[in-house]
Structure formats: structure tokens, C-alpha cells
Amino acid sequence: MPSILTALTQREIEAVHHTSLAILRDVGVSLPNREALDALAGAGADVDFNHQIARIPERLVVESLEQAGKQYILHGRDPERTARFGYGDFVLVSSPGQFAWVDKDGGERRQPTQEDTRAGIRVSDALEHIDIVGAMAMALDVPAEYRDVWMAAELVKGSTKPTHVWVANGRSLEYILRIYEAVTGGREVHRQRPMIAAFIEPISPLRFPETGLEILITCARYGLPIGFGPMVQTGATGPATLAGTLALENAEILAGIVLAQTLGPGVPVCYGGIPHIMDMRTSQISFGSPEQGLMAVAMTQMAHYYGLPVYVNVGLSDSKRVDVQSGLERGMTLLMGALAEADTFGHMGILGADQAGSLEQLIVDNEMAAYVKRILRGFEVNEDTLALDVIRKVGIGGNFLGEVHTRKHFRRELWFPTTFDRRRWDEWWAEGARTMADWAHERKAQILAEHHPPAPEPDLVREIDGIVAAARRDLLGA
């Protein structure tokens, strides 16, 4: 196993931690929700109800970190398909949904539809290294008021893996939970075997959105896992220094953990250390910068300092194509996050900094994940693998192709790609000199033609569709 990659010394980790504590104590966080403010006040925070600000003492942070659940498992419709957090696994998620869609590498963007969502779910379900299925495309032909409920229904009907959906607010979450409870067999069963983890994004600096607080409160009450993922931008919504960005990001995550534990003691949490930089020339957020990798490693160290599972935004790129820039930025940062031993990584299949979704890119990302997993597996050094006997037997000038030792070991020792090209030039040229994007496009077509995940039982489908119809009537007023 390769050595763990680090960016911070122990002294620097503690310096970030104590700076975050000072931020929470002296500045506090904005919480536009009376229930959240009441809960923190009752736990000992200094709450200014008029300005909806809570200043959180160190004691409350320490107690909450000790109390927080450090492991959890998400379940798919197939009970054998799970994604584990806090167990040292390598978990990949396809994007829960982009607001633009690209049909083929280099093509124009367009608005995604219901059929794009269903295609994204099928391809994600088919790819062996995608552990949690996101819908990839926001179905913009479904009204926004209940779109997340519709997408949750399509996810559980279209994949047997664990799934991830962007939840809009507390009202729609109630219907989404009804869908998952219908699949598992009730609220208590779902609490024991959750199919959903909340994902709360504070608005940096130091504000929590009303809708996010609604979701947090509901999930904390139900005992469901909660992840916190602020996206502090160096030089914009955070200081222009990486250390200051980390301290602010960490403070916002810690505030979320305190609130979750105050409302639901022991609820499992995930530390979403996903800061970014703002490119000062374009004023755009960057997903593929070298600083992205450095901060991801540092955030992983902070999460491990607290004993928490961690999500970092790596394996992403600012490129809008399957090209050299994309490969360099995605591969380098994903490997950095993996060697730091993060649990889960940036959502796969995204073009640019949340500029569009692409199934070709998702297929390439799946191959990249296999490459990184092979590196993480390392190799064994023992008497058999050192192969002295077979080296003596073959001797000078021979070859090892026909040896029993080769047949015994090559499939485990060597990684065989499904998309990356290793053929001779003449063969590659004769078959059209296809690019990586061409290969991915062909693989997408093959998956969509051949992969058909098992459908739920008809009675369950009717129950899920009934929940979606109720959400449409209630949330849309139709």
C-alpha cells in the first residue's frame, strides 16, 4: 500500500483547528431558523436572536465531535449493494444532476430532459466503479417545485445501487423520504438501513441557507447521515491564503456538526472538505487547480484528526472536453485525494466547473477510477512474487511468457483497461485513429442498448409513482 500523502504537519492541523474554534466563538454563524437557534441556545451557545447569529463555544464543538457518528452505510434497492463511509473504502458518485447537457464531446450544451436523466441513471448503474448513482442530468422539463422528488423516484426505479439526489428543501424531502421508506419497508427500517444522506452546503462565509437548515433538522430528527460541504473560494468567499480558506471551511463544517449533534445526538456525519479557488483572471471558480489537490489533502487530514469520514472535490477539471487538460487535472487530483485516504471524491461526469454533464466523461472517469484503484492496491513482496526460482530457470536471454508463474500472477499483478488504448499504431490507425472520446461515445451507446437494470416489483412502482403524484399536487398546486 502506498504511503499516505499529507500537506499539513500535526502542528499545522492544530493551528487550523484552533483558528476555526476562534472563528466560531468570536464571529459565529448565521442561522435563519428559530428551531436551530433555540437548540443551540439550549446547548450553551451565545445566540443573538435578533440577528440570527450563534456564537459557538469550544466546549460544544468538542462534545459534538466526540458524540458524532463516525461510520455509516448507504443501501441500494438491492440490499447487497452498499456504499460504506468511514471504513477506508474508495467511494465514487456520479453527479446528482447538472443543469446543462452535452450529447457528444465537443458538442453544444442544451437543457437536459427526463430521458437524459434516465440515460444517466442507466449508464451510472452499469459502470463498475460508480458506487452511488446520481441522475447526472437535471430534468428541466419537470417543474422545479417537485423535480427532486421525481428524480429520487427515477433513481430508485432505475438502479439497484445506492443513489444520491439533490434535495431542494424540507417539504420535498418529506416525499423523498416516503419513497425510500416504501422501498425499505418503513421509517424505522430506513433509519437502520438508510438509502439517503443529506448534503448541506453552507453559504460562505459563515451562513447556512434556510432550505439547508430544513433538510438538516429533518434528517437529524430521523437519525439519517448528514454531510456538510461548504465551497469556500480562496480570494472571494474566503481569504486569499490557502490556510485561511481551510480555517474558514473547517469552521463552517464544525458549526454544522454541532447543530446536527444538538438536534440528533449521535447522528453520523461526513466531513465535506471541498474548498476551491477563484481564478482572479476570469472570476470563475476552479475545479482543476493544483491548489484544489493541496487543499483536498489538507482537508482529509483535518477530517482524520476528528475521526470522521471525508468527501473531497478531486477528480474534476475546468476543461469542457475529454482532452489533455481534463486528464491531467482529474487524474492528478484524484490520485492526491486517494493517497490522502479520503472516503469519497468529486462527483464524476462533470464538464468544467459544473458547466454541464456528459456520459462520455462519466465513462472516462470510471476508467480513471480503475487506474487509481490499481495504484492504491500496491503489490506484494514475498518469496513467490520475488520470483528468484523462475528467474534462475529462464536464465539469460529467455522469456517468461510460457511459465506457470506468469499464468499464476499476471491477472492480479497487471491492470487491463477497457477504454484506454494500448494497441500498436498500425492497428489504431486502421480502425479510424479513434480518440478517447470516440471510445467513450461507443461505450455509452453499447450500455444504453444492452444494460437494463432489474425493475422494482409492480406494486412498489405504483406506490412510488403515487408518492410523486402526491408531491406534484402538493408542491406544484396541480
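Residue positions are given per chain, counted from 1 along the sequence in the order it is written. Side-chain atom pairs in this predicted model are given and counted only at pLDDT of 80 or more, local residue features only at pLDDT of at least 70, and totals for whole chains, interfaces and linings cover all residues. Heavy atoms from the whole structure form the basis of all side-chain values; hydrogens and water molecules are not counted.

Draft legend 1. Representation of the overall build of the chain within the structure. Strands here mean DSSP runs of E at least two residues long; helices mean DSSP runs of H or I at least four residues long; both are numbered from the N terminus. Each helix and strand in the chain was counted, giving 18 helices and 18 strands. As a reference, a globule follows 2.2 Å times the number of residues to the power 0.38, and the radius of gyration itself is taken over C-alpha atoms. By the compact-globule yardstick of 23 Å for 478 residues, the chain fits well, its C-alpha radius of gyration being 24 Å. Seen along its three principal axes, the alpha-carbon backbone of the chain occupies a region of about 80 × 55 × 45 Å. Throughout this description, buried means an accessible area under 20% of the type-specific maximum (1.4 Å probe, protein chains only), exposed means over 50%, and partly exposed covers the range between. Here the chain, with 478 residues, has 54% of them falling under the buried criterion. At a minimum sequence separation of 6, the contacts of the chain that also span at least 24 residues come to 72%. In these tables, accessible area is a Shrake-Rupley quantity obtained with a 1.4 Å probe, and a residue counts as shielded only by the protein chains included in the view. Carbon and sulfur atoms provide 53% of the accessible area of the chain, an area that totals close to 20900 Å². Between two residues, a contact is recorded if the distance between any of their heavy atoms is within 4.5 Å.

Draft legend 2. The state of the cysteines, seen in detail. We call a pair of cysteine sulfur atoms a disulfide when they lie within 2.5 Å. Taken as a whole and assessed by the stated rule, the structure comprises zero disulfides. Here C219 is not cross-linked by a disulfide; its sulfur's nearest cysteine counterpart is in C270, at 14 Å. The class of C219 is buried, set by a relative accessible area of 1%.

Draft legend 3. Structural view of helix α10 (residues 290–306). Taking 1.5 Å per residue, 17 residues should reach 24 Å; α10 reaches 25 Å between its end C-alpha atoms and fits that length. Within α10, 12 of the 17 residues are buried, leaving the element largely enclosed by the surrounding structure. Among the residues of α10, Q292, G293, M295, A296, V297, A298, M299, T300, Q301, M302, A303 and Y306 are the ones counted as buried. Once α10 finishes, G307 follows within two positions and takes phi at roughly 80°, a positive value. A helix's residues, less one, multiplied by 1.5 Å, set its expected span.

Draft legend 4. Structural view of a nonpolar patch on the surface. A grouping of V324, L328 and M332 is seen on the molecular surface, where their side chains present a nonpolar patch of about 330 Å² in accessible area. Within the element layout of this structure, V324 appears in helix α11 (residues 324–339). By relative accessible area, V324 is classed as exposed at 64%. Within the patch definition used here, like charges are joined within 9 Å and nonpolar side chains (Val, Leu, Ile, Met, Phe, Trp, Tyr) within 5 Å, considering only residues with over 30% relative accessible area and no salt bridge. A side-chain nitrogen of Lys or Arg and a carboxyl oxygen of Asp or Glu constitute a salt bridge if their distance falls within 4 Å.

Draft legend 5. A look at the environment of F99. Among the secondary structure elements, F99 is positioned in the loop between β5 (82–85) and β6 (101–102). Residue classification places F99 among the exposed residues on the basis of a relative accessible area of 53%. C-alpha of F99 to C-alpha of G88: the two residues are 11 residues apart in sequence and 32 Å apart in space. Those residues in contact with F99 that sit more than four places away from it in its chain are P112, M138, L140 and R147.

Draft legend 6. Expanded view of the pairing of strand β13 (residues 269–273). By the criterion of burial, β13 is predominantly enclosed, with five of the five residues buried. A two-sided burial pattern is seen for β13, the buried positions comprising V269, Y271 and G273 on one face and C270 and G272 on the other. Pairing analysis gives three bridges linking β13 to strand β16 (residues 310–312), with the strands arranged parallel. Each bridged residue has a counterpart across the sheet, and for Y271 the counterpart in β16 is V310. Between any two strands, at least two bridges found by DSSP are needed for them to pair.

Draft legend 7. Representation of the sheet that holds β13 within the structure. Taken in spatial order, the four strands of this open sheet run β10-β11-β13-β16, and their pairing is parallel. Pairing within the sheet leaves two strands with one partner each, and these edge strands are β10 (198–200) and β16. The average undirected angle you get between the axes of adjacent strands in this sheet is 25°. Both strand β11 (residues 226–228) and β13 contribute to a ladder of three bridges, which runs parallel. Bridge pairing in β13 places I226 opposite V269. Running over the sheet, helix α8 (residues 210–222) touches β10 and β11 and is turned about 145° from β10. Angular values range over 0 to 180 degrees, each being the angle between N-to-C directions of two axes fitted as lines to C-alpha atoms, with helices fitted over their stretch in contact. Docked against the sheet, α10 engages β13 and β16, running at close to 170° with respect to β16.

Draft legend 8. View of the pattern of salt bridges. Under the defined criterion, the tally for this structure stands at 26 salt bridges. Of the charged contacts, one joins R110 and D103 as a salt bridge, the two residues approaching to 2.7 Å between their closest N and O atoms. Relative accessible area serves as the criterion here: at 30%, R110 is assigned to the partly exposed category. With a shortest N-O distance of 2.8 Å, R423 and E431 are connected by a salt bridge. When its relative accessible area of 22% is taken as the criterion, R423 is described as partly exposed. Residue classification places E431 among the partly exposed positions, given a relative accessible area of 40%. One connected set of salt bridges, linked through shared partners, spans E115, R118, E154, K157 and D465.

Draft legend 9. Structural context of the nonpolar core. Counting 121 residues, the largest nonpolar core has I226 and F228 as its most contacted members. For this core, the leading source of residues is helix α9 (residues 242–263), giving 12 residues. If we ignore the near neighbours within four places in the chain, the residues touching F228 are F199, I200, F208, L216, I253, G256, I257, A260, V269, C270, Y271 and G272. Within this scheme, the nonpolar core is defined by two criteria: the residues are buried Ala, Val, Leu, Ile, Met, Phe, Trp, Tyr or Cys, and they are joined through side-chain atoms within 4.5 Å. Counting 12 residues, the second largest nonpolar core, distinct from the first, contains V93, F199, I274 and Y311.

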